[in-house]
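# Structural features, examined
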Amino acid sequence: MRAAVTDRTKIVAMTQMSNVLGTVNDVKTFAAVAHEKGALFVCDGAQSVPHMPVDVRELGVDFLAFSGHKMLGPMGIGVLYGREELLSKMQPFLFGGEMIEYVTREDATWAELPHKFEAGTVNAADAAGLQAAIECYKRYGFDEIVKREEKLGEYAFSVLKRVPHLKLLGADEAAAHHGIFSFVLEGVHPHDIADTAPRC
């Protein structure tokens, strides 16, 4: 990464956890490298936020985004965290109600954060659904969620390793997959595997 990021690099974007292999990237280190070159760091937390504790300050990221449905919430809503000093400097690119403090024929003043980026009618129903999902996570706690996921992952890993002609992709230990198992069956096209899957 140090060779790829130069003084001309403006933004570095990286996923924290792969939704294909379950691999967790060392975002904290990569964010530090980006900042050394004066670049902003954007973290895709769609896969990591529902599966592990994530602290944006500890990671040192400038932005982090995740989707609601990955947290067992509604589809069509997500979260974008941004450092306040950066969000304060940014101008909205979508316009509509809620984001305006006042408007004249010649000018407009944006509402305070985060409202200046919330153009149009608030998606209140999905926001309530996402809040309920987050509260559910908090009620069970990440320790319990991670413990159960690890147990299920170990079981799935052991079963998949015994399937003839099946090759697991990624690390050769269950814990490194974080509950995500990608595989190929020798001599069988993925479309054929999906098409022959049992249907309920």
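Residues numbered from 1 in each chain as written. Predicted model: local features only at pLDDT ≥ 70, side-chain atom pairs only at ≥ 80, totals over all residues. Heavy atoms only, no water.

Leave glycine aside and you will find that most residues have negative phi; peptide bonds, for their part, are mostly trans. Residue Pro114 follows Leu113 across a cis peptide bond; omega there is 0°. Mapped onto the elements, Pro114 comes out in the loop between strand E6 (108–110) and helix H4 (124–140). One non-glycine residue, His165, lies in the positive phi region at around 65°. By the secondary structure assignment, His165 is in the loop between helix H5 (142–161) and strand E7 (166–168). On the basis of relative accessibility, which here comes to 55%, the residue His165 falls in the exposed class. (Helix = DSSP H or I, 4+ residues; strand = E, 2+ residues; numbered from the N terminus. Buried < 20%, exposed > 50% of the residue type's maximum accessible area, 1.4 Å probe, protein only.)

Next up on the list: helix H1 (residues 27–36). Because the α-helix completes a turn every 3.6 residues, residues three or four places apart line up on one side. Where H1 is concerned, the buried positions are Val27, Ala31, Val33 and Ala34. On an axial view of H1, the arc spanned by its buried residues comes to 160°, and they lie on one face. Elements that come into contact with the buried residues of H1 comprise strand E1 (11–15), strand E2 (40–44) and helix H2 (56–59). (Arc of directions from axis to C-beta. Contact = heavy atoms within 4.5 Å.)

Read from one edge to the other, the open sheet built from four strands follows the order E1-E2-E3-E4, with strand pairing classed as mixed. Taken across any chain shown, the strands that pair with only one partner, and hence form the sheet edges, are E1 and strand E4 (78–82). The average angle at which neighbouring strand axes cross in this sheet is 15°, direction not considered. In this sheet, E4 lies alongside strand E3 (residues 63–67) in antiparallel orientation, the contact comprising five bridges. Counterpart to Phe63 in the pairing with E4 is Gly82. The sheet contacts of H1 involve E1 and E2, and relative to E2 the element is tilted by about 155°. (Pairing = 2+ DSSP bridges. Axes fitted to C-alpha atoms, helices over the stretch in contact; angles between N-to-C directions.)

Here the focus is the side chain of Gln47. Position of Gln47 among the secondary structure elements: in the loop between E2 and H2. Each residue touching Gln47, except ones within four places of it in the same chain, is listed here: Met17, Ser18, Asn19, Lys70 and Ile180.

In this section: the environment of Lys70. With respect to the helices, strands and loops of the structure, Lys70 is situated in the loop between E3 and E4. Along the chain, Lys70 and His51 lie 19 residues apart, while their C-alpha atoms are 9.3 Å from each other. Every residue in contact with Lys70, bar those within four places of it in the chain, is listed here: Asn19, Ala46, Gln47, Pro50 and Tyr137. Of note is the side chain of Lys70, whose polar atom sits 2.8 Å from the side chain of Gln47. (Polar contact = N/O pair within 3.5 Å; in protein donor to acceptor, adjacent residues only side chain to side chain.)

Okay, the pattern of salt bridges next. Per the counting criterion, the structure on display carries seven salt bridges. Between Glu144 and Lys147 there is a salt bridge, with the nearest N and O atoms lying 3.4 Å from each other. Within this pair, Glu144 and its partner Lys147 are both found in helix H5, separated by three residues, close to a single helical turn. By relative accessible area, which is 51% here, Lys147 ends up exposed. Residues Lys161 and Asp172 are paired through a salt bridge, measuring 2.8 Å at the closest nitrogen-oxygen approach. (Salt bridge = Lys/Arg side-chain N within 4 Å of Asp/Glu carboxyl O.)

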